[in-house]
Amino acid sequence: MKYARLTKQQLEELHPEFINFLATQSVTGDEWKQLKEEKPEVAEDEIDVFSDLIWEGVLSKVGYLENVSEKQMHLFYCSDKEMKLISVKVMNPEIDLTTTVGFSWFKKNWQSDFVEYLTASKAYTEDKNLDKFNLIKQGAVITKGELYQWFEKVIVTS
């Protein structure tokens, strides 16, 4: 398995797609039930293959990722050739960016001496979807990139 198995809830939400996946492999509903009962390891393998297919499709469309912790924000733009990073570090010990109060403070004080910025870019390895997936495993979430785009404008015009 290349990525991670979808959760039970995700599989339930993708039930129609899973049925289509089984159909492409000429597996009927009755055959699937029989497979689960008689060869559960084969059924598990099918779920793993389906999970990887779904992840591959999702990851290929990811444009932005964000990983926000108490004191830092890592904002990623996933271009075709490389990943670009805007890193924000808050050095005010009283601020927690994961809270509404902390993020409100940040929005008002983003230019203060208590905030540091770093930009970087990195070429993908031979598997850019796996690079994105590894960031998700580390806590990043897929976003539309509003925060990254705002910072990019601010940093370029500064």
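You'll find the structure just up there.
As the structure is a computational prediction, the values presented were derived from the model and not from experiment.

Student: What exactly am I supposed to notice about the pattern of salt bridges here?
Tutor: Side chains carrying opposite charge are able to pair once their charged atoms draw close together. Across all of its chains, the model carries five salt bridges by this definition. Where Arg5 meets Asp48, a salt bridge forms, and the shortest distance between an N and an O atom there is 2.7 Å. Of this pair, Arg5 sits in the segment before α1 (8–13) while Asp48 sits in helix α4 (residues 40–61); the two residues are 43 residues apart in sequence, bridging distant segments of the chain. According to the relative accessible area criterion, Arg5 is partly exposed, its value standing at 34%. Look at Asp48 and you get buried, because its relative accessible area is 17%. Taken together, the salt bridges that share partners define one network made up of Lys2, Glu56 and Asp127.

Student: Whenever I open this one, the nonpolar core confuses me. Can you help?
Tutor: Here is a general trend for soluble globular proteins: nonpolar side chains tend to be buried in one another's company. Grouped together as the largest cluster of nonpolar side chains are 25 residues, with contacts concentrated most on Phe18, Trp32, Phe50, Trp55, Leu59 and Leu65. Within the residue set of this core, elements represented by two or more residues are α2 (15–24), α3 (29–38), α4, β2 (72–78), β3 (82–90) and α6 (128–137). Per element, the largest residue contribution to this core is five residues, and it comes from α4. Discounting residues that sit within four places of it in the chain, Phe50 has contacts with Leu6, Leu11, Leu14, Glu17, Phe18 and Phe21. With 16 residues, the next largest nonpolar core counts Tyr64, Val88, Leu97 and Trp110 among its residues.

Student: Explain the side chain of Asp127 to me, please; I cannot follow it from the model alone.
Tutor: Structurally, Asp127 is set in the loop between β4 (115–123) and α6. Polar contacts involving the side chain of Asp127 include one to the main-chain amide nitrogen of Asn129, which spans 3.3 Å.

Student: How should the packing of α3 against α4 be read in this particular structure?
Tutor: Packed helix pairs are specified by the crossing angle of their axes together with the interaxial distance, meaning the distance between the axes. Direction vectors running N to C along α3 and α4 enclose 120°, while the axes themselves pass 5 Å from each other. With respect to α4, the axis of α3 lies oblique. Of the residues in α4, those in contact with Trp32, Leu35, Lys36, Glu37 and Glu38 of α3 are Pro40, Val42, Ala43, Glu46 and Ile47. Tallied by class, the residues present in the contact of α3 with α4 amount to six nonpolar, no polar and four charged.

Student: So what exactly am I meant to see when it comes to the side chain of Asn92 here?
Tutor: The topology assignment puts Asn92 in the loop between β3 and α5 (100–109). Polar contacts involving the side chain of Asn92 include one to the main-chain amide nitrogen of Glu94, which spans 2.9 Å. If near-sequence neighbours (up to four positions away) are discounted, Asn92 is found in contact with Lys71, Trp105 and Phe114.

Student: How should I be thinking about unusual backbone geometry in this particular structure?
Tutor: Excluding glycine, residues mostly carry a negative phi; peptide bonds, for their part, are mostly trans. We note that Ser26 has phi near 60°; this positive angle belongs to a residue other than glycine. Note on placement: Ser26 falls in the loop between α2 and α3. Under the relative-accessibility criterion, Ser26 is labelled exposed at 61%.

Student: Looking at this model, I keep getting lost on the sheet that holds strand β1 (residues 64–68). Mind explaining?
Tutor: Working definition: the strands of a sheet are paired by backbone hydrogen bonds and lie parallel or antiparallel to each other. The five strands lie next to each other as β4-β3-β2-β1-β5, forming an open sheet whose pairing is antiparallel. With partners counted over all chains shown, the strands left at the sheet margins are β4 and β5 (141–143), one partner each. If you compare each strand with its neighbour and ignore which way they point, the axes differ by 25° on average. Of the strand pairs in this sheet, β2 and β3 are connected by seven bridges, and their pairing is antiparallel. Each bridged residue has a counterpart across the sheet, and for Gln72 the counterpart in β3 is Lys89.

Criteria and thresholds
- Position numbers for residues start from 1 in each chain and track the written sequence from start to end.
- Local features in this predicted model are restricted to residues of pLDDT 70 or higher, and side-chain atom pairs are both shown and tallied only at a pLDDT of 80 or more, whereas totals for entire chains, interfaces and linings draw on every residue.
- As a rule here, side-chain values cover all heavy atoms of the structure and leave hydrogens and water aside.
- For this document, the term salt bridge refers to a Lys or Arg side-chain nitrogen within 4 Å of an Asp or Glu carboxyl oxygen.
- Strands are runs of DSSP state E lasting at least 2 residues, helices are runs of H or I lasting at least 4, and numbering of each runs from the N terminus.
- Burial here depends on accessible area, computed with a 1.4 Å probe over protein chains only, as a share of the maximum for the residue type. Under 20% is buried, over 50% is exposed, and the range in between is partly exposed.
- Buried Ala, Val, Leu, Ile, Met, Phe, Trp, Tyr and Cys residues form a nonpolar core when they are joined through side-chain atoms within 4.5 Å.
- In what follows, a contact means two residues having at least one pair of non-hydrogen atoms within 4.5 Å.
- Any pair of N or O atoms that falls within 3.5 Å is considered a polar contact. Within protein, one atom must be able to donate a hydrogen and the other to accept it, and sequence-neighbouring residues count only if both atoms are side-chain atoms.
- Note on geometry: axes are C-alpha line fits, over the in-contact stretch for helices, and angles between N-to-C directions span 0 to 180 degrees.
- Angle categories are assigned with fixed cut-offs, so that under 35 degrees is roughly parallel, over 145 is roughly antiparallel, 65 to 115 is roughly perpendicular, and the rest are oblique.
- Ten residue types, Ala, Val, Leu, Ile, Met, Phe, Trp, Tyr, Cys and Pro, are classed as nonpolar, four, Asp, Glu, Lys and Arg, as charged, and the remainder, Gly among them, as polar.
- Here a strand pair is declared whenever DSSP counts at least two bridges between the two strands.

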